[in-house]
Amino acid sequence: MSIEIKNISKSFGNVVAVNSVNFSIQHGELMALLGPSGGGKTTVLRMIAGLEMPTSGDILIRGQRVNDVSVQERNIGFVFQNYALFKNMSVYKNIAFGLKIKKWKRKDQKARVAELLELLELKGLERRYPHQLSGGQRQRVAIARALAPKPAVLLLDEPFGAVDAKIRQELREWLVRLHHDLNVTTVFVTHDQEEAMEVSNRIVIIARGRIEQIGTPREVYEQPANEFVARFIGVMNILELEVRNGIGQVGEMRFQLPNVVDGQVRIGFRPYAVQISSDLSQYAYRAILRRTFFLGVMLRVELELPSGLVIRARITKEDYGRLGLQDGRQVSCQIRQIRLLAHDNAALGPEHLTTYDVPPSIAEGI
Amino acid sequence: MAATPKNNALGDTAKSQRASDDSPLAKWLLIGTALAFVTLFLLLPLLNVFYQALAKGLAFYKESLVDPDSISAIKLTLLIAGISVPLNILFGLAASWAIAKFEFTGKAFLITLIDLPFAVSPVVAGLMFVVLFGRQGFFGSWLDAHEIKIIFAAPGMVLATIFVTFPFVARELIPVMQATGSEQEQAALTLGASGWKIFWHVTLPSVKWGLIYGVILCNARAMGEFGAVSVVSGHITGETDTLPLRVEKLYHGATGASAVAAFSVASLLALLALVTLVLKTLLEWKTERDYARAQKAIEPSAESDTIILAKSLQ
């Protein structure tokens, strides 16, 4: 079911939570509303559900304006952050609740609940009560309950916020699979950029009540629309440069910045744009490897330049081993490409390349 | 007691006990004191009521209960409780709902107002009603003209009882409702439930225990109230005596037999308290058992979270 959000705003008293937001969700899409806490993303989700009324603007579901349609009649499934399971009802009754309300026949209710228990791998738990379930199981009961009446849209508010890290990873993969199987239009809210990148088809980045950017995970990572997005998505090194005659400088670092007016500028570069060598003469700058963070296949290292500047770099485990790196080791490094960061909401210029361009591989956003 | 640094340095792990485990003496002293108090102030008086009631044998006990005046007192007590408890449930639900789920001006005032009957002496409460509805009272002449009797009759006693039992249900429900929040109701809303269905299937069950405790307290007070009811009753034997009033009248009666009869009637009130407690315990026990059964229901073939991982790795 397609959803259109047209110019909606929402104020609570004097506080503007959502400010003229526009976007649309295609039928069958899996979309993330990403942003820092208090940025208004949950309010947008609740307005789609009908749990909040927009102060102005329209919400259209399948081309129909639904502003005046009550929550009960919008045919949406909503999964709450803390699940909001009915604690006095068993798992079975929780899932069957929506069906009972919609007056399904008892036989059909039973069949539908059985189907969902199967789909969500909850078989055998139907007689349990919410407090007798693990976090991951509760989460799945909440999703089953929301899906039971076959909603046109599934809305999830911070769906993985309340479970521990390992289960969260599993649930993410599982949500993608579920969405693939059911093809129900799904919108979820998260403050975790990694989660949004991994799970969704498209991301709407919302901060301070406004949309900062809409795009696929790759688009928002590679072409951030502004400094906020650039800093929010993935890790970024930020430096303040003093520009004189087309050359920007901070500490011992110098960058060619033709066409930039003299004065202060801010630049940023991703950790993958930093090249490291154990050969001290290979690259322009000397540095000491201060700390190594093991993230799995990739490692993140902190390099400290003699002037005290610290930059974060990313390196594969193989390269780390091949170069014989370890904490405290002297290395040389250079920065392959940098981005001129304008202030918030101003469009960014094209990537400013200092040496040569190697497109980043996927999985490098973390 | 915190371990001393010296202990830590020695790595003395064997002594890492909690303070509560430290002294069995303190534990037994506390338990003993509590037990002694319970026996002395609760158990003994209760047993004594039954002992005194049966002092002249079972036949006399029965006789003093089927006495027409006692029967009338039982009926009146049941009538008063039967009216005031349901009204208090309605009021308690409405007030706690409003206080827990909505923000409005005068909320703090409403909460204070609910507590008022706790602060006012029941006798004063009774007098207030006499002043309002008595023959010389505020509405007295109007009521007299329309031949409506409130004071020295059942309606006045019901009013006085409602006043003194006013806070019980609401006071129990407000914290429970506040703790429950409104997310479950919102979830029911997204599943298409109407307001009434949400109340019946979601709100009411989730505050069930608070409501039950409130009703038990409210009922006990409604049946046991003396002061306020005494002031408005007029003490007309066989007409406006409730059980507590009847007990008092019998106890101050001239004969020793009448004192025993007083205990017989009093034992009814005590019995009532015991029955409500047993019922409550049974209900708790049944809930526990339901949970235990659900827990014992067939475990899924393996920890299902693990299955998910295995599948997604295929």
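Residues numbered from 1 in each chain as written. Chains lettered and ligands numbered in written order. Predicted model: local features only at pLDDT ≥ 70, side-chain atom pairs only at ≥ 80, totals over all residues.

## Quick word on the overall build of chain B
When its secondary structure is counted, chain B shows 16 helices and 0 strands. Here chain B, with 314 residues, has 30% of them falling under the buried criterion. Across chain B, every contact between residues at least 6 apart in sequence was considered, and the portion connecting residues at least 24 apart equals 73%. (Helix = DSSP H or I, 4+ residues; strand = E, 2+ residues; numbered from the N terminus. Buried ≥ 20, exposed ≤ 12 C-beta atoms within 10 Å, placed from the backbone. Contact = placed C-beta atoms within 7 Å.)

## Brief notes about the overall build of chain A
The helix and strand tally for chain A stands at 9 helices and 21 strands. Summarising its shape, the C-alpha atoms of chain A cover approximately 80 × 45 × 30 Å along the three principal directions. Burial analysis of chain A (366 residues in total) assigns 42% to the buried set. When contacts within chain A are restricted to residue pairs at least 6 apart in sequence, those whose partners lie at least 24 apart make up 62%.

## Thoughts on the interface of chain B and chain A
As a measure of interface size, the accessible area lost when the parts come together is often cited. Each side of the interface is counted separately: chain B has 27 residues, and chain A has 35 residues. Contributing elements (two or more residues each) for the side of chain B that touches chain A: α10 (183–190), α11 (195–206), α15 (256–296) and α16 (304–313) of chain B.

## Looking at the confidence of the model for chain A
All names here are of chain A. Within chain A, residue pLDDT values average 86, and 93% of them lie at 70 or more. In the model of chain A, strand β21 (residues 352–353) stands out as the element of lowest mean pLDDT, 44, in contrast to helix α2 (residues 91–101), which has the highest, 95. Throughout residues 343–347 the model reports pLDDT below 50, and contacts reaching past four residues in sequence, or to other chains, amount to 7 contacts. Confidence drops under a pLDDT of 50 for residues 349–366, and excluding neighbours within four residues, the segment shows 27 contacts in the predicted structure. (pLDDT = per-residue confidence, 0-100.)

## Quick look at α10 of chain B
Residues of α10 of chain B that are buried: Q184, A187, A188, L189 and T190 of chain B. The elements touched by buried residues of α10 of chain B are α1 (41–49) and β6 (76–79) of chain A together with α9 (154–180) and α11 of chain B. Looking one or two residues past α10 of chain B, G192 of chain B carries a phi angle of roughly 95 degrees, positive in sign.

## Considerations on the confidence of the model for chain B
Residues and elements named next belong to chain B. Summary statistics for chain B give a mean pLDDT of 83 and a share of 87% for residues scoring 70 or more. The low-confidence segment residues 1–16 (pLDDT under 50) makes 7 contacts with residues lying over four places distant or belonging to another chain. A low-confidence stretch, residues 300–314 stays under pLDDT 50, and its non-local contacts, those more than four residues away or across chains, total 20 contacts. On the interface metric, ipTM, the complex scores 0.78, and its pTM is 0.75.

## Comments concerning the sheet that holds β6 of chain A
Residues and elements named next belong to chain A. Within the open sheet, the 6 strands sit side by side as β6-β7-β8-β3-β9-β10. Their pairing is mixed. Among the strands making up the open sheet, the edge pair consists of β6 and β10 (210–215). Neighbour-to-neighbour, the strand axes of the sheet open up by a mean angle of 15 degrees, direction not taken into account. Bridge analysis of strand β7 (residues 153–157) against strand β8 (residues 185–190) gives 5 bridges, and the strand direction is parallel. Bridge pairing links L154 to T186 in β8. Sitting on the sheet, helix α4 (residues 135–147) touches β6 and β7, and the angle it makes with β6 is about 165 degrees. (Pairing = 2+ DSSP bridges. Axes fitted to C-alpha atoms, helices over the stretch in contact; angles between N-to-C directions.)

## Quick look at the pairing of strand β3 (residues 30–34) of chain A
Residue and element names in this part refer to chain A. When you tally the buried positions in β3, you get 5 out of 5 residues, the bulk of the element. The side-chain alternation of β3 yields two buried faces, one formed by L30, A32 and L34 and the other by M31 and L33. The sheet contact formed by β3 and β8 spans 5 bridges and is parallel. Residue pairing across strands places A32 opposite F188, the latter belonging to β8. Bridging between β3 and strand β9 (residues 202–207) involves 4 bridges; their strand directions are parallel. Residue pairing across strands places M31 opposite R202, the latter belonging to β9.

## Here we look at the sheet that holds strand β4 (residues 56–61) of chain A
All names here are of chain A. The 4 strands are arranged β2-β1-β4-β5 in an open sheet whose pairing can be described as antiparallel. The open sheet is flanked by β2 (15–25) and β5 (64–65), the only strands paired with a single partner. The sheet contact formed by strand β1 (residues 3–12) and β2 spans 7 bridges and is antiparallel. Looking across to β2, one finds that K10 is bridged to V18.

## Quick look at the environment of R339 of chain A
With respect to the helices, strands and loops of the structure, R339 of chain A is situated in strand β20 (residues 337–341). A C-alpha to C-alpha distance of 38 Å links R339 of chain A and P54 of chain A, two positions 285 residues apart in sequence.

## Section: the environment of G35 of chain A
All names here are of chain A. Along the chain, G35 turns up in the loop between β3 and α1. When the 28 C-beta atoms within 10 Å are taken as the criterion, G35 is described as buried. Linking G35 and F232, residues 197 residues apart in sequence, is a C-alpha distance of 8.2 Å. Sequence-distant contacts of G35, defined by excluding residues within four places in its chain, comprise K41, H191, I205, I206 and A207.

## Observations concerning the pairing of β6 of chain A
All names here are of chain A. Residue alternation in β6 divides its side chains into two sets, I76 and F78 and G77 and V79, and both sets are buried. Bridge count for β6 against β7 is 4 bridges, and the pairing is parallel. Among the inter-strand pairings, V79 is bridged to a residue of β7, identified as L156.

## Focus: unusual backbone geometry
Residue and element names in this part refer to chain A. If you check the backbone angles, K150 has positive phi at about 50 degrees while not being a glycine. Note on placement: K150 falls in the loop between α4 and β7. At N245, a residue that is not glycine, the phi angle is positive and equals roughly 50 degrees. With respect to the element layout, N245 can be found in the loop between β11 (237–244) and β12 (247–250).

## Points about the packing of helix α4 (residues 57–66) of chain B against α15 of chain B
All names here are of chain B. Contact geometry of α4 with α15 gives a least axis separation of 9 Å together with a crossing angle of 75 degrees. Here α4 is positioned roughly perpendicular relative to α15, judged by the angle of their axes. In this structure, α4 contributes F60, Y61, S64 and L65 to the contact, and α15 contributes V260, A261, S264, V265 and L268. Tallied by class, residues from the contact of α4 with α15 come to 7 nonpolar, 2 polar and no charged. (Parallel < 35°, antiparallel > 145°, perpendicular 65-115°, else oblique. Nonpolar A, V, L, I, M, F, W, Y, C, P; charged D, E, K, R; others polar.)

## Describing the nonpolar core
L33, I48, L155, V187 and I205 of chain A are the most contacted members of the largest nonpolar core, which has 105 residues in total. Within the second largest apolar cluster, 49 residues are counted, among which are A73, F166, L173 and V265 of chain B. (Core = buried A, V, L, I, M, F, W, Y, C linked by C-beta atoms within 7 Å.)

## Here we look at α2 of chain A
All names here are of chain A. Burial analysis of α2 places 8 of its 11 residues in the buried class, which makes it a mostly covered element. Taken as a whole, α2 has its buried residues at V91, Y92, N94, I95, A96, F97, G98 and L99. Packing partners of the buried residues in α2 comprise α3 (106–119) and α4.

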